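Here is how the chains run, residue by residue.
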Amino acid sequence: MAGASDGRREASSQRRLGIWVLGDQLHAGQAALASSGPGDCRVLLLQSLDQAARRRCHRQKLVLVWSAMRHFAAELRAAGWVVDAVSAESYGRGLRRWIEAHGVQELRLMEPADRGFRSLVMGLLEPIPNPPELVWVPSNAFLWSREAFAGWAGRHRQLRMESFYRDGRRRFGVLMEGEGAAATPMGGRWNFDKENRRPPRKGLAPPPPLRWTPDAITAEVIEHVASLPDLPGSVDGFGWPVTRAQALEALEHFIATRLADFGTYQDAMVRGQPTMWHALLSSSLNLGLLQPLEVIRRLEQRGLEDDVPLNALEGVIRQILGWREYTHGLHHWFGEDYGRSNALDAHRPLPDWLEALGGSGMACMDTVLGEIRDSAYAHHIQRLMILGNYGLLAGLDPQAFTGWFRRLFIDSADWVMETNVIGMALHADGGRLASKPYAASGSYVNRMSDYCRQCRFKPKQRSGEEACPFTSLYWDFLARHRDRFGAHPRMALVYKQLEKIPAGELEATRAAAARHLQGTGAS
Ligand code: SF4
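Residues numbered from 1 in each chain as written. Predicted model: local features only at pLDDT ≥ 70, side-chain atom pairs only at ≥ 80, totals over all residues. Heavy atoms only, no water.

A. Up close: the overall build of the chain. Within the chain one finds 22 helices and eight strands. Rg of the C-alpha trace for the chain: 24 Å, near the compact-globule value of 24 Å for 523 residues, within the 12% margin. Taken over the C-alpha atoms alone, the chain extends approximately 80 × 55 × 45 Å along its principal axes. Per-residue burial for the chain yields a buried fraction of 57% across its 523 residues. Sequence-distant contacts, at least 24 apart, represent 76% of the contacts inside the chain between residues at least 6 apart. For the chain, the accessible surface area stands at approximately 21500 Å², while carbon and sulfur atoms represent 50% of it. Here the chain carries 63 positive and 58 negative side-chain charges, and the mean point of each set is 4 Å from the other. (Helix = DSSP H or I, 4+ residues; strand = E, 2+ residues; numbered from the N terminus. Rg over C-alpha atoms; globule rule 2.2 N^0.38 Å. Buried < 20%, exposed > 50% of the residue type's maximum accessible area, 1.4 Å probe, protein only. Contact = heavy atoms within 4.5 Å. Areas by Shrake-Rupley, 256 points an atom, 1.4 Å probe, with all protein chains shown as cover. Lys, Arg positive; Asp, Glu negative; His and termini not counted. Charge placed at Lys NZ, Arg CZ, Asp CG, Glu CD.)

Below, the structure written as structure tokens:
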């Protein structure tokens, strides 16, 4: 087996050094590149075709990653690095050919963000005779190293995001007043969530986000991806940032046009407005085009200079300093078993309309799926309260649903989707991440969106032909899991409401839920 070691190494003049930069590590300051210099090594950027075919990723996700890798290779070359941008049938074959062609004796990588990739790399080296020594360089892609996160997690009995986020604010001095232990959160509160839940009103017109017309590199990738058979999503209208310069422009454009109103309608969903005031920075952050601390500092600086309302500024910083770091930290802290969690014993296969990205017959669902088909994007409330909520209520298989999210979203990665889907959306981890399930009926969707107006179902109706599937499934879910959640203090109110439903009406509601599931082919 290939030798493997950790830590930063000085490049040896005797050994031929190769640095493999992964597709989500596209930053010139990433730790493996920073451990060497342009004259001391070769750099590999490797595109695996079988990985794309096997995973069946959304076409726009493939275009984004492959185009960003090619642009990054060109940027490194311009800075004097020797770069091999390789497209191969598989990681194994491409890596082996590159190692043998260049006599690589030390293979250096920055630690991957996804837990499983480390063992995958070690496995790839196994069949190679005289493999290079494998050296892992600690990642600088996140604010919390694995050790720092483990230190935090080890000190807490309950690993709640709010507590982690507050420690992050103190640790990095973000939106704080005063110094040291006496520092307090700006505005006297840590959290302005209550001000960020306004339902949509008529005539909302969020400024459109920046989109980029594909250059020659991206156009070539689009042509290639469009020719690949049997992949979900459309490449038409691809406009995501694929370089650091574009990502920085996207950040400035967000600050100038949408930051001030980001908070107020953060949870609102409107037909024809798929991005609302959301930042759309996650794909750039997750590829490494943007670094989390530079984004946070810039948001804080410009936000305070421009008197941006604190509910907006705190809301967007919470997503990066809080959620992003927290989900990555937990992905590694919980370990492999977490991904297999299924605390609610949910085994329903995914309905065909999820894979087809449309055809559910529910206006809310089909709107969101259509937006994903066109852009590989849905904002966080669409993900949590339409897609995730449905998966929770219908009892969809957590592993299959996590895989679906992993394949379909522009900003996806294993570390992103595992905790967000298994933990946050489906409660399949039994509450290790969120204290109670995020279950909601059609009334919530009706309040927070304009979807129901166009739907053949009625959001308040829980039984009968016009019963809203979210509503009948919601009461069915509560009844099904009464033993588990009936005594939960934060669910006392909803269980009181369940008790008030006459037995015959509950039976009809549960029958409507069963009919819906049979109709989806997922019963
Ligand atoms: Fe969705 Fe129900 Fe509203 Fe239709 S009525 S859009 S299914 S929540």
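Following the structure, the description resumes.
B. Summary view of the site of the ligand. Taken together, the neighbourhood of the ligand is formed by M362, A363, C364, G442, V445, C452, C455, F457, P459, C468 and P469. For the shell around the ligand, the secondary-structure elements that each account for two or more residues are α14 (363–375) and α18 (442–448). (Near = heavy atom within 4 Å.)

C. Inspection of the layout of surface pockets at higher detail. Computed from the structure, the second largest pocket encloses a volume of approximately 1000 Å³. The wall of the second largest pocket is formed by 44 residues, among which Q51, R55, D114, R406 and D414 lie closest to the centre. For the lining of the second largest pocket, the residue count by class is 20 nonpolar, 13 polar and eleven charged. (1 Å grid on protein atoms, 1.4 Å probe; cavity = no way out; pocket = protein on both sides within 12 Å on 5 of 7 lines; lining within 4 Å. Points joined across faces, edges and corners; volume = space filled by probe spheres on them. Nonpolar A, V, L, I, M, F, W, Y, C, P; charged D, E, K, R; others polar.)

D. Expanded view of the side chain of E106. Within the secondary structure layout, E106 lies in strand β5 (residues 106–110). Using a relative accessible area of 2% as the deciding quantity, one classes E106 as buried. Within polar-contact distance, the side chain of E106 engages the side chain of R15 at 2.6 Å. (Polar contact = N/O pair within 3.5 Å; in protein donor to acceptor, adjacent residues only side chain to side chain.)

E. Representation of empty space enclosed by the protein within the structure. Applying the stated criterion across every chain yields a total of three cavities of 30 Å³ or more. Considered as a void within the structure, the largest cavity measures approximately 170 Å³ in volume. In this structure, the largest cavity is lined by 22 residues; those nearest its centre are D24, Q25, M110, A141 and G288. Take the lining of the largest cavity: its biggest share by element is three residues, from helix α10 (residues 282–287). Residues belonging to the lining of the largest cavity are distributed by class as follows: eleven nonpolar, eight polar and three charged.

F. Region of interest: the confidence of the model for the chain. This prediction gives the chain a mean pLDDT of 94; 97% of its residues lie at or above 70. The low-confidence segment residues 6–13, where pLDDT is below 50, has 21 contacts with residues more than four positions distant or belonging to other chains. (pLDDT = per-residue confidence, 0-100.)

G. The pattern of salt bridges, seen in detail. Going through the model one piece at a time under the given rule, you end up with 37 salt bridges. Put simply, E162 and R318 hold a salt bridge, and the shortest N to O gap is 2.8 Å. Here E162, found in helix α7 (residues 161–172), pairs with R318, found in helix α12 (residues 310–334); they are 156 residues apart in sequence, far enough to count as distant. The buried category is assigned to R318, whose relative accessible area is 5%. Bridged by salt links that share partners, the residues E162, R166, R169, E314 and R318 form one connected network. (Salt bridge = Lys/Arg side-chain N within 4 Å of Asp/Glu carboxyl O.)

H. Molecular detail of the packing of helix α19 (residues 469–480) against helix α21 (residues 492–500). At a minimum axis distance of 11 Å, the contact between α19 and α21 shows a crossing angle of 100°. The angle between α19 and α21 falls in the class roughly perpendicular. Residue-level contacts link Y474, W475, L478 and A479 of α19 to V494, Y495, Q497 and L498 of α21. (Axes fitted to C-alpha atoms, helices over the stretch in contact; angles between N-to-C directions. Parallel < 35°, antiparallel > 145°, perpendicular 65-115°, else oblique.)

I. Fine view of the packing of aromatic side chains. For the structure on display, the rule yields 24 aromatic pairs. The residue whose ring lies beneath R171 is W144, and the NZ or CZ to ring-centre distance is 4.5 Å. The ring of W475 carries the charged tip of R462 above its face, separated from the ring centre by 5.9 Å. (Phe/Tyr/Trp six-rings, centres within 6.5 Å; stacked < 30°, edge-to-face > 60°. Lys NZ or Arg CZ within 6 Å of the ring centre and 35° of its normal.)

J. Expanded view of the pairing of strand β6 (residues 133–137). Of all five residues making up β6, four are buried, and the element is well covered by its neighbours. Relative to β6, β5 runs parallel, the two sharing five bridges. Bridge pairing in β6 places M110 opposite V137. Regarding the hand of the β-α-β motif, the stretch spanning β5, helix α5 (residues 117–125) and β6 is right-handed. (Pairing = 2+ DSSP bridges. Right-handed = clockwise from strand over helix to strand, strands pointing away.)

K. Broad picture of the nonpolar core. Ranked by internal contacts, the top residues of the largest apolar core, which has 146 residues, are L299, M365, I372, L387, Y390 and W404. W98, L107, V121 and L124 belong to the second largest nonpolar core, which has 20 residues in total. (Core = buried A, V, L, I, M, F, W, Y, C linked by side-chain atoms within 4.5 Å.)

L. Representation of α19 within the structure. For α19, which comprises twelve residues, the first-to-last C-alpha distance of 16 Å matches the rise-based estimate of 16 Å (1.5 Å per residue) to within 8%. In terms of residue burial, α19 counts as a mostly covered element, since eleven of its twelve residues are buried. Looking at the buried side of α19, the elements it contacts are α14, α15 (380–394), α18, α20 (482–485), α21 and α22 (503–519). (Expected span 1.5 Å × (residues − 1).)

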